[in-house]
Amino acid sequence: MNMNYFIIHYRFPHPLITRYETSPVLHIHLIRKGARMINFMDYSSVNTIWVLLGAALVFFMQAGFAMVETGFTRAKNAGNIIMKNLMDFCIGTPTFWIVGFGIMFGAGNGFFGKIGGIATEANYGSAMLPDGVPFWAFLIFQTVFCATSATIVSGAMAERTKFSSYCIYSFLISLIVYPVSGHWIWGGGFISQMGFHDFAGSCAVHMVGGVAAFIGAIILGPRIGKYSNSGKSKAIPGHNLTIGALGVFILWFCWFGFNGASTVSMEGDAIVTAGKIFVTTNLAAAVATVTVLIITWVRYKKPDVSMSLNGSLAGLVAITAGCDTVSPTSAAIIGIISGFVVVFGIEFIDKVLKVDDPVGAVGVHGLNGAFGTLAVGLFSDGTGTEWK
């Protein structure tokens, strides 16, 4: 072959091209620029777009969390909460890029990945990449999941956390806490080797964030005035339920990307799976909301708005691990159980354990993250888990 020519590869059949085309000019340009020749047949446009769309939706969950946490707390703390949610993403992004990605996906051992430098394909290879998805698309998809886990804690620690201290926490969870747990579950670690199934992160994202939130709330102690001298819990209402409700609707909308785009493919069987995931995700959230509505109506003689909104989030968290492997009927059952878990879990944490969680993050993410993880084993229909 004449080495002055560069072969351009096309995916056949192509409506305009019926043969290989050659261009000496293009070859000379590549040599002069030192560019790397890439075979674009290795990538799938539909898979890449699907992953990037999912990443954008998961990123927008930051807005949802910010609205929920701001609306469920007092107005005087709004600026602090907004800044904490902003910094979760802005600190977490470079931290995960420089170190966290390597811990999560580097070729280490079953407990800890090997850091090979900043996140590039040259440093870490392509073995972890989904079919047809380039490295950069995969990196941003994983980055926004890391930021979601970090921001869960903000609500539980609201109204009494020094901003600089919170920034240090946010740095540490993106640096090591989430990447280590992610390596165990999604990065080829010892849990994944045992056949553990957490499709989109009930455990890897939400339970990790919920446990960190619980520990943080214990260390901080309650807000001034939260408990009487006798230990009785006092309600401290949020200042804007409208903003809180908007945040829940944003999160519900973005959850279709959080769960649905975790197929990281829109080809073959993944097309059907994605549709099923949208249905199970929506059903669990809706049924959980109705369940909480009924429980609070019976217990308190009127529906509790903030608890019902948390019920929606509880259903979404609980279905996340098994959204691909449970039937719609099972998703509805998971929604019912998650409704009971969030109501009685939040009351137990507040009134029995005396842990002050202003927005119910521990009950929503911690308890329902744990339940959602167990629900895979209880309700899986075998889809996606046969080999495990």
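Residues numbered from 1 in each chain as written. Predicted model: local features only at pLDDT ≥ 70, side-chain atom pairs only at ≥ 80, totals over all residues. Heavy atoms only, no water.

## Regarding the overall build of the protein
Line of reasoning, step 1. Counting its regular elements, the protein contains 13 helices and two strands.
Line of reasoning, step 2. Looking at the protein as a whole, 54% of its 388 residues qualify as buried.
Line of reasoning, step 3. Of all intrachain contacts in the protein linking residues separated by at least 6 positions in sequence, the fraction that spans at least 24 positions is 74%.
Line of reasoning, step 4. In the structure as shown, the protein presents an accessible area of about 17600 Å², 69% of it carried by carbon and sulfur atoms. (Helix = DSSP H or I, 4+ residues; strand = E, 2+ residues; numbered from the N terminus. Buried < 20%, exposed > 50% of the residue type's maximum accessible area, 1.4 Å probe, protein only. Contact = heavy atoms within 4.5 Å. Areas by Shrake-Rupley, 256 points an atom, 1.4 Å probe, with all protein chains shown as cover.)

## Quick look at the packing of aromatic side chains
For any two aromatic rings, the description comes down to two numbers: the centre-to-centre distance and the angle of the planes.
Line of reasoning, step 1. As enumerated under the stated definition, the model contains 18 aromatic pairs in all.
Line of reasoning, step 2. Taking 6.3 Å as the distance between ring centres and 85° as the angle between the ring planes, the aromatic pair formed by F101 and F138 counts as edge-to-face. Here the residue F101 occupies a position in helix α3 (residues 78-105), and F138 occupies one in helix α5 (residues 135-156), the gap between them amounting to 37 residues. In this structure, F101 and F138 share a single accessibility class: buried.
Line of reasoning, step 3. For the ring pair F340 and F344, a centre distance of 6.2 Å and an interplane angle of 10° mean the geometry is stacked. Note that F340 and F344 are positioned in helix α12 (residues 328-352) at a spacing of four residues, about one turn of the helix.
Line of reasoning, step 4. We classify F340 as partly exposed; its relative accessible area is 41%.
Line of reasoning, step 5. Using a relative accessible area of 36% as the deciding quantity, one classes F344 as partly exposed. (Phe/Tyr/Trp six-rings, centres within 6.5 Å; stacked < 30°, edge-to-face > 60°.)

## Re the packing of helix α11 (residues 305-320) against helix α13 (residues 361-379)
Line of reasoning, step 1. The contact between α11 and α13 brings their axes to 8 Å, and the two run at 35°. Our pair here, α11 against α13, has a crossing hand that is right-handed. Residues N310, L313, A314, V317 and A318 of α11 form the contact with α13, whose participating residues are V364, H365, N368, G369, F371 and G372.
Line of reasoning, step 2. Counted by class, the contact of α11 with α13 contains six nonpolar, five polar and no charged residues. (Axes fitted to C-alpha atoms, helices over the stretch in contact; angles between N-to-C directions. Left-handed = near helix turned anticlockwise from the far one by under 90°. Nonpolar A, V, L, I, M, F, W, Y, C, P; charged D, E, K, R; others polar.)

## Here's the deal with helix α8 (residues 202-220)
Line of reasoning, step 1. Relative to the 27 Å expected for 19 residues at 1.5 Å per residue, α8 spans 25 Å between its end C-alpha atoms, a close match to the ideal helical length.
Line of reasoning, step 2. Among all positions in α8, only S202, C203, A204, V205, H206, V208, G209, G210, A212, A213, G216 and A217 are buried.
Line of reasoning, step 3. Packed against the buried residues of α8 are α5, α6 (163-185), α9 (241-260), α11 and α13. (Expected span 1.5 Å × (residues − 1).)

## Considerations on the nonpolar core
Line of reasoning, step 1. Core analysis: the largest hydrophobic core is formed by 83 residues, its most contacted members being M61, F101, F145, W255, F258 and I334.
Line of reasoning, step 2. Looking at this core, the element that brings in the most residues is α5, giving 13 residues. (Core = buried A, V, L, I, M, F, W, Y, C linked by side-chain atoms within 4.5 Å.)

## Observations concerning the confidence of the model for the protein
Line of reasoning, step 1. Averaged over all residues, the pLDDT of the protein is 90; the fraction at 70 or higher stands at 89%.
Line of reasoning, step 2. Ignoring residues within four places in sequence, the model shows residues 1-38, a span with pLDDT below 50, making 36 contacts including any to other chains. (pLDDT = per-residue confidence, 0-100.)

## Considerations on a nonpolar patch on the surface
Line of reasoning, step 1. A cluster of nonpolar residues, F111, F112, I115, I176 and V177, forms a patch on the protein surface that exposes about 430 Å² of accessible area.
Line of reasoning, step 2. Considering the arrangement of structural elements, one finds V177 in helix α6.
Line of reasoning, step 3. Looking at V177, the relative accessible area reads 40%, which means it is partly exposed. (Patch = residues over 30% accessible without salt bridge, like charges linked within 9 Å, V, L, I, M, F, W, Y side chains within 5 Å. Salt bridge = Lys/Arg side-chain N within 4 Å of Asp/Glu carboxyl O.)

## Observations concerning the side chain of D356
Line of reasoning, step 1. When you line up the elements, D356 lands in the loop between α12 and α13.
Line of reasoning, step 2. Not counting chain neighbours up to four residues away, the residues in contact with D356 comprise A156, R160, A217, P222, R223, K226 and Y227.

## Structural notes on the pattern of salt bridges
Line of reasoning, step 1. Counted by the stated rule, this structure contains six salt bridges.
Line of reasoning, step 2. Here D381 ties to K276 by a salt bridge, and the two come within 3.2 Å at their closest N and O atoms. In this pair, D381 is assigned in the segment after α13 and K276 in helix α10 (residues 269-300), connecting sequence segments 105 residues apart.
Line of reasoning, step 3. The exposure class of D381 is partly exposed, given its relative accessible area of 43%.

## Side note on unusual backbone geometry
Line of reasoning, step 1. Residues other than glycine seldom take positive phi values, yet E159 does so here, at roughly 75°.
Line of reasoning, step 2. Look at E159 and you get buried, because its relative accessible area is 13%.
Line of reasoning, step 3. Look at V264: it is not a glycine, yet its phi comes out positive at around 45°.
Line of reasoning, step 4. Inspection of the secondary structure assignment puts V264 in the loop between α9 and α10.

## Structural notes on the environment of F138
Line of reasoning, step 1. Look at F138 and you get buried, because its relative accessible area is 5%.
Line of reasoning, step 2. As for F138 and M128, which are separated by ten residues in sequence, their C-alpha atoms are 9.1 Å apart.
Line of reasoning, step 3. When sequence neighbours within four positions are dropped, the list of residues in contact with F138 reads F101, F105, M128, L129, P130 and V133.

## Section: the environment of G372
Line of reasoning, step 1. On the secondary structure map, G372 appears in helix α13.
Line of reasoning, step 2. The class for G372 is buried, based on a relative accessible area of 0%.
Line of reasoning, step 3. A sequence separation of 166 residues divides G372 from H206, and the C-alpha atoms of the two residues are 9.8 Å apart.
Line of reasoning, step 4. With residues near it in sequence (within four places) discarded, G372 still touches S202, A318 and A321.

## Focus: the packing of α9 against α10
Line of reasoning, step 1. Contact pair α9 / α10: the axes reach a minimum separation of 9 Å and the direction vectors enclose 140°. As summarised for this structure, α9 and α10 are arranged oblique, according to the angle between their axes. Where α9 crosses over α10, the two elements pack in a sense that is right-handed. For the pair α9 and α10, contact is made by W252, W255, F256, N259 and G260 and by I277, F278, T281, N282, A285, A286 and T289, respectively.
Line of reasoning, step 2. Taken together, the residues of the contact of α9 with α10 break down into seven nonpolar, five polar and no charged. (Parallel < 35°, antiparallel > 145°, perpendicular 65-115°, else oblique.)

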